[in-house]
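# Survey of secondary and tertiary structure
Listed here are the chains, written in short residue letters.
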Amino acid sequence: MAHERIDVDLPLAKVYELLSNPVHFTNFLERIDSIEKINSQTFEYTTKIGNEEFQWTTNIIDNLRNTRFAWITINGNLNQTGTIRFTPLDNGERTRVDVSLDYRTFFGEAEEDLANFIEGLPAQLKKDLDKFKDLAESGTFNDETEEETKEVTA
């Protein structure tokens, strides 16, 4: 489990907009290869750890506009849960972002590469949020993706 906090010099509504759509996470989460939108609540993540590909599907479980955004894994070979909380600063001109992120295996102990991936989460989350802040504040955060408009049906 990792928890990290960062203050972003952008209004709350803009920060929420950038962080409340998981397909945007690949802009700053270095260790996630792809995120595909299945429907408005469901997203499929893919990453490679060592020589193994990991895929998991998450559902949004909490989406309270400009306040909180959370998801849980519903299937796959890696279990990820996350919560992002938004706090306005300076009358809403700046935003504090609190992120909690956890990865676990579904069965037994993790093999070495996956164990290292999980153990490195706190340092990686700090690095990822610093990247988010840089992209968002510089106006170079790519919030328009093809993935966003493409919806997969079963």
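Located above this text is the structure these notes cover.
Criteria and cut-off values
Residues numbered from 1 in each chain as written. Predicted model: local features only at pLDDT ≥ 70, side-chain atom pairs only at ≥ 80, totals over all residues. Heavy atoms only, no water. Helix = DSSP H or I, 4+ residues; strand = E, 2+ residues; numbered from the N terminus. Rg over C-alpha atoms; globule rule 2.2 N^0.38 Å. Buried < 20%, exposed > 50% of the residue type's maximum accessible area, 1.4 Å probe, protein only. Contact = heavy atoms within 4.5 Å. Areas by Shrake-Rupley, 256 points an atom, 1.4 Å probe, with all protein chains shown as cover. Pairing = 2+ DSSP bridges. Salt bridge = Lys/Arg side-chain N within 4 Å of Asp/Glu carboxyl O. 1 Å grid on protein atoms, 1.4 Å probe; cavity = no way out; pocket = protein on both sides within 12 Å on 5 of 7 lines; lining within 4 Å. Points joined across faces, edges and corners; volume = space filled by probe spheres on them. Nonpolar A, V, L, I, M, F, W, Y, C, P; charged D, E, K, R; others polar.

## Some points on the overall build of the protein chain
Within the protein chain, the secondary structure is distributed over four helices and seven strands. Element order for the protein chain, N to C, with α for helix and β for strand: β-α-β-β-β-β-β-β-α-α-α. Computed over the C-alpha atoms, the radius of gyration of the protein chain is 15 Å, within 12% of the 15 Å expected from 2.2 N^0.38 for a compact globule of 154 residues. Buried residues in the protein chain amount to 45% of all 154 residues. Pairs at least 24 apart in sequence give 51% of the contacts found in the protein chain among residues at least 6 apart. Total accessible area computed for the protein chain in this model is approximately 8,300 Å², and 44% of it derives from carbon and sulfur atoms.

## Considering the pairing of strand β3 (residues 42-49)
Burial runs high along β3: six of the eight residues are buried. Alignment of strand β2 (residues 34-37) against β3, held across four bridges, turns out to be antiparallel. Residue pairing across strands places Ile35 opposite Tyr45, the latter belonging to β3. If you look at the hairpin formed by β3 and strand β4 (residues 52-64), you'll find two residues sitting between the two strands, and Gly50 has a positive phi there, around 65°.

## Some words on the pattern of salt bridges
Summed over all chains, the structure comprises eleven salt bridges. With a shortest N-O distance of 3.1 Å, Arg94 and Asp90 are connected by a salt bridge. Accessibility expressed as a relative area gives 48% for Asp90, which makes it partly exposed. The partner of Asp102 in a salt bridge is Arg104, with the nearest N and O atoms 2.6 Å apart.

## A look at the layout of surface pockets
By rolling a water-sized probe across the atoms, one finds the places where empty space is left. Space inside the largest pocket adds up to approximately 210 Å³. For the largest pocket, the lining is made up of 13 residues, of which Glu52, Phe54, Ala110, Glu111 and Leu114 are closest to its centre. At the level of secondary structure, the elements contributing two or more residues to the lining of the largest pocket comprise β4 and α2 (112-119). Looking at the lining of the largest pocket residue by residue, the classes come out as five nonpolar, four polar and four charged.

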